[in-house]
Amino acid sequence: MRKGEWPRFAARPYVCGAIGPFDQARLDLLTRSGPAVEVVHSGTEVALLSSHPLVPYSEAGSAMTAFAWGDRRPVWRVGADWLSVAEGCEAPGLIDEPDGVILHTGGFGLVDVYYLRDGDAVYFSGLIEPLLALARRPYEVNWDAWAAILKLTYPLLEDTPYRQVRRLPGATALTWSRTGRRLRLDRRAPRWVREEQVDRKLTGGDLVALLHEALKPYDRVLVPVSGGYDSRLLASVAVAAGIDVESWTTSPDDGLDNDIDFARHVTRELGIPHRIVPQYAEKYPQEALWVARRLEYLTSHHAWYSPFAREVHAGGRPVIDGLAGGPLMKNFLITADAVGAGTGASRRESLLTALSTSEAHLPVLGEAALSWIDDRVRTAFATATSMLHGHRAELPLSVLHTRTARGIARSPVNLVGPEVTPVFPFLHPDFFDAALSVPVDQKEGGRFYREILRAANPRVATLPSTNGALPHRRVPLRSNGPVAREWNHRMLTKAASIPGLLSPQMLEVVAGGPDALTAFGSWNSRFWLRSLALFGSWLTDYEDALGDLTPPWTE
């Protein structure tokens, strides 16, 4: 790895390969440029390599050979196509049929599939960096990706920081036709888009019963309990199901640490062994860089999670994660303006506003940069959510297919995994469909979620939560301590080298030195700072490999 170490692919394999008329020498270069792999399948115009043995899920003697490498193994069904695996198991895979080869993602695309196209050949990998060995140097900056990372904290569509390396979106396949001699991009509507869920009049108890079903395969788990609804619900269900449960908590570095206080109450009530994983302000730069490099600079989230993730790797238990709980059950980031919007366009604009990082305490971006970024992100967001326009569950699904899949999921999928298995009970097909069927207005203010909590454990449901009113106890932000400020300032200085990116006021901050960053303590201000520091760290790590850094807003 260019900087740092490759993840240890223990619970989930690293996979790479090629489809179409690929060049063997280039495939060999790809395999040498990433974690160690061996060939698991090869044939005419197809090669699949993996860090671990992959067993086909297709039936022996079948004309096709099918592989998947998600956390759930598909069950072979005659006549089923790749989409059933993508949406049922949230698994990417490769299917070799007599007439062609299919490379596909999971329904939400949680497990990454990156690719580089060279003529009709496609080289693919679970990581970006190995594919850079095949890219033209110097690398061409994908400013669209950075526009979204700065504005939303994650990229959209197929964007990565590099123009030549793309990310295959969820519920999408690349198909090479041996007979037609052509490559085709096949984007499908997954089950939850095709089949609109109607109100089934479900109760909180019905949802709890479905969570019990989702957790049945597990007898020993780790549930990271925070102060919110998701983790206490999952911990309550796991304990009620008789599962061997441990719980750990760490600080989210939000300046409050209510998560630590509230988690103690929850775990004590449930009788779960509980451990606090400490964090240290003087280690913030190393932790932030570890996360940035491991996530390949794709999101400014999760720096606080670094020490916790490494402890989880040593623990070895499957980790029960509340991914998707907020949008599914409590309208997280779905504002009253979005719900009450009179037109589809105004609804989407309200949602995009809620998803975007709001204004800091001073103007952050230069006027031309801000205008260009706003325009590009608005266009990309409309395209990324286009298949959801007019859907009954357009709002929660739009959040899930953008912020959840591209930003928030990086923590369990790429920081917890691939060393250990993340488990997503809220994405279990039966639970997901049921939660999606509950009308949005019934979830307003967390009303329906509290009904679910009461059904799971009424005593835990009454305990203080970060989803309610918070006490005013303040703790210092590690991300804005003296050591962090010095590192943030160096990264901000690097970002300031891009013409027109920063406003005159931000350039004054840069000129003021590290201590000028003490003013960046509010929620919005520190998110802008984290995104710019991420950009600066990427520029620092790749400055010798990047080409022209003239941004499009100066043209």
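## A short note on the packing of helix α9 (residues 284–294) against helix α21 (residues 482–495)
Closest axis-to-axis distance for the α9/α21 pair is 8 Å, and the angle between their directions is 50°. It follows from the interaxial angle that α9 and α21 lie oblique. Packed against α9, whose contacting residues are Y284, P285, A288 and L289, the element α21 presents V483, A484, W487 and N488 at the interface. Looking at the contact of α9 with α21 residue by residue, the class counts come to seven nonpolar, one polar and no charged.

## With respect to the sheet that holds strand β10 (residues 172–177)
With respect to topology, five strands assemble into an open sheet ordered β4-β5-β6-β10-β11, the strand pairing being antiparallel. Of all the strands in the sheet, the pair left with one neighbour each is β4 (65–68) and β11 (182–187). Within this sheet the neighbouring strands show an average axis-to-axis angle of 15°, counted without direction. One ladder, built from six bridges, connects β10 with β11; its direction is antiparallel. Paired with S177 across the strands is R182, a residue of β11.

## Thoughts on the packing of aromatic side chains
Aromatic ring pairs: the centre-centre distance and the angle between the two ring planes describe each pair. For the coordinates displayed, the defined rule picks out 22 aromatic pairs. Both rings, one in Y297 and one in Y542, keep their centres 6.0 Å apart while their planes meet at 85°; by these two values the pair is edge-to-face. You can see Y297 sitting in the loop between α9 and α10 (306–315) and its partner Y542 sitting in helix α23 (residues 523–542), a full 245 residues away along the chain. Take Y297 and Y542: they sit in the same class, and that class is buried. Members of the aromatic cluster, connected to one another through ring pairs, are Y139, W143, W146, Y162, Y297, W372, F535, W538, Y542 and W553. Here the guanidinium or amino end of R26 rests over the ring plane of Y123, the centre of that ring lying 5.7 Å away. Just above the ring of F527 sits the side chain of R530; from NZ or CZ to the centre is 5.2 Å.

## Concerning the side chain of E394
Note on placement: E394 falls in helix α15 (residues 394–408). The exposure class of E394 is buried, given its relative accessible area of 3%. Polar contacts involving the side chain of E394 include one to the side chain of R348, which spans 3.0 Å. Not counting chain neighbours up to four residues away, the residues in contact with E394 comprise R347, R348, L388 and H389.

## Some details on the packing of helix α4 (residues 143–152) against α23
With their axes 8 Å apart at the nearest point, α4 and α23 run at an angle of 150° to one another. Comparing the axis directions of α4 and α23 gives the class roughly antiparallel. Counted together, W143, W146, I149, L150 and K151 of α4 and W528, S531, L532, L534, F535 and W538 of α23 form the full contact between these two elements.

## Digging into the pattern of salt bridges
The full count for this structure, using the stated rule, is 35 salt bridges. The closest approach of N and O atoms between E158 and R166, which form a salt bridge, is 3.8 Å. Taking relative accessible area as the criterion, E158 reaches 14% and is therefore assigned buried. Across the pair E213 and K216 runs a salt bridge whose closest N-O atoms are separated by 2.9 Å. Because the salt bridges share partners, they merge into one network encompassing D81, R184, D186 and R188.

## Observations regarding the side chain of T267
You can see T267 is positioned in helix α8 (residues 258–270). In this structure the side chain of T267 is engaged in a polar contact, spanning 3.3 Å, whose partner is the backbone oxygen of R264. Excluding its chain neighbours within four sequence positions, the residues that come into contact with T267 are V225, S247, I272 and H274.

## Here's the deal with α15
Quick reminder: α-helices carry 3.6 residues per turn. Residues three or four places apart thus point the same way. Within α15, the axis deviates most sharply at L400, by approximately 30°. Taking burial as the measure, the 15 residues of α15 include 14 buried ones, the bulk of the element.

## Structural notes on the pairing of strand β13 (residues 244–250)
The element β13 is largely enclosed, with a buried count of five among its seven residues. Considered for its hand, the β-α-β crossover made up of strand β12 (residues 220–222), helix α7 (residues 229–240) and β13 is right-handed. Examined bridge by bridge, β13 and strand β14 (residues 274–277) share four bridges and lie parallel to one another. Within the sheet, the bridge partner assigned to T249 lies in β14 and is I276. With respect to chirality, the unit in which β13 leads through α8 into the neighbouring parallel β14 is right-handed.

## Here we look at unusual backbone geometry
With an omega dihedral of 0°, the bond running from R137 to P138 counts as a cis peptide bond. Note on placement: P138 falls in the loop between α3 (129–132) and α4. Going from G417 to P418, the amide bond is cis rather than trans, its omega being 5°. Here P418 shows up in the loop between α16 (410–416) and β16 (422–423). A positive phi angle, close to 60°, is found at E45, a residue other than glycine. Structurally, E45 can be placed in the loop between β2 (38–43) and β3 (46–50). Although it is not a glycine, L333 adopts a positive phi angle of roughly 70°. Along the chain, L333 turns up in the loop between α11 (325–329) and α12 (336–339).

Calculation criteria
Residues numbered from 1 in each chain as written. Predicted model: local features only at pLDDT ≥ 70, side-chain atom pairs only at ≥ 80, totals over all residues. Heavy atoms only, no water. Axes fitted to C-alpha atoms, helices over the stretch in contact; angles between N-to-C directions. Helix = DSSP H or I, 4+ residues; strand = E, 2+ residues; numbered from the N terminus. Parallel < 35°, antiparallel > 145°, perpendicular 65-115°, else oblique. Contact = heavy atoms within 4.5 Å. Nonpolar A, V, L, I, M, F, W, Y, C, P; charged D, E, K, R; others polar. Pairing = 2+ DSSP bridges. Phe/Tyr/Trp six-rings, centres within 6.5 Å; stacked < 30°, edge-to-face > 60°. Buried < 20%, exposed > 50% of the residue type's maximum accessible area, 1.4 Å probe, protein only. Lys NZ or Arg CZ within 6 Å of the ring centre and 35° of its normal. Polar contact = N/O pair within 3.5 Å; in protein donor to acceptor, adjacent residues only side chain to side chain. Salt bridge = Lys/Arg side-chain N within 4 Å of Asp/Glu carboxyl O. Bend = angle between axes of the 7 residues up to and from the residue. Right-handed = clockwise from strand over helix to strand, strands pointing away.

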